[in-house]
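Survey of secondary and tertiary structure
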Amino acid sequence: KGIYADFWAGGGAVPYDGEDIRAEIAVAVAVPGIVVVAWKHCGFATRARAELTKRGLESTDVTIDKFSPLHAELAFTTGRTSVPYIYVNGELVGGCEADGGYPGLMGVIDEL
């Protein structure tokens, strides 16, 4: 049991090509506008999407699985392990709130 029960139940770590995964991420987030990368039922992503909707701002969703190669590479390349990863015009702004030196969506939303 514990927070890694799903990880171990799924067979643990799977081998993957980090360069291929990073390329996949780059394509997914390199679009004009706002991209929200998160788990299917992420509360902070839900909050971010609600705030975007309230302000009439559209976003693109990219759903990742916990402990997936996509999540692993996002964590390695951004220094953030938590979701969501929110990108504005291809640039990471962090999560819903400010963290780890990123302003977060709430820190930039008035400029969008």
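Residues numbered from 1 in each chain as written. Predicted model: local features only at pLDDT ≥ 70, side-chain atom pairs only at ≥ 80, totals over all residues. Heavy atoms only, no water.

**Considerations on the overall build of the protein**
- What the protein contains, in helices and strands, is five helices and four strands.
- Helices and strands in the protein line up, N terminus first, as α-α-β-α-β-α-β-β-α.
- Here the C-alpha atoms of the protein give a radius of gyration of 14 Å, agreeing with the 13 Å that 2.2 N^0.38 yields for 112 residues.
- Its C-alpha atoms put the protein at 45 × 30 × 25 Å along the principal axes.
- Counting every atom, the protein has about 6800 Å² of accessible surface; 55% of that belongs to carbon and sulfur.
- Averaging the positions of the 9 positive and the 15 negative side-chain charges in the protein gives two centres separated by 10 Å. (Helix = DSSP H or I, 4+ residues; strand = E, 2+ residues; numbered from the N terminus. Rg over C-alpha atoms; globule rule 2.2 N^0.38 Å. Areas by Shrake-Rupley, 256 points an atom, 1.4 Å probe, with all protein chains shown as cover. Lys, Arg positive; Asp, Glu negative; His and termini not counted. Charge placed at Lys NZ, Arg CZ, Asp CG, Glu CD.)

**Comments concerning the sheet that holds strand β3 (residues 85-88)**
- Spatially, four strands are ordered β2-β1-β3-β4 in an open sheet, and the strand pairing comes out mixed. Strands at the two margins of the open sheet, each flanked by one partner only, are β2 (59-63) and β4 (91-94). Across the sheet, the mean angle from the axis of one strand to that of its neighbour is 25°, orientation sign disregarded.
- Across four bridges, the pairing between strand β1 (residues 34-38) and β3 is antiparallel. Along β3, the bridge assignment pairs Val37 with Tyr85.
- In the packing of helix α3 (residues 43-54) onto the sheet, contacts are made with β1, β2 and β3, and the angle to β1 comes to roughly 160°.
- Lying over the sheet, helix α4 (residues 69-78) contacts β1, β3 and β4, oriented at roughly 65° with respect to β3. (Pairing = 2+ DSSP bridges. Axes fitted to C-alpha atoms, helices over the stretch in contact; angles between N-to-C directions. Contact = heavy atoms within 4.5 Å.)

So yeah, pure geometry; function would need other evidence.
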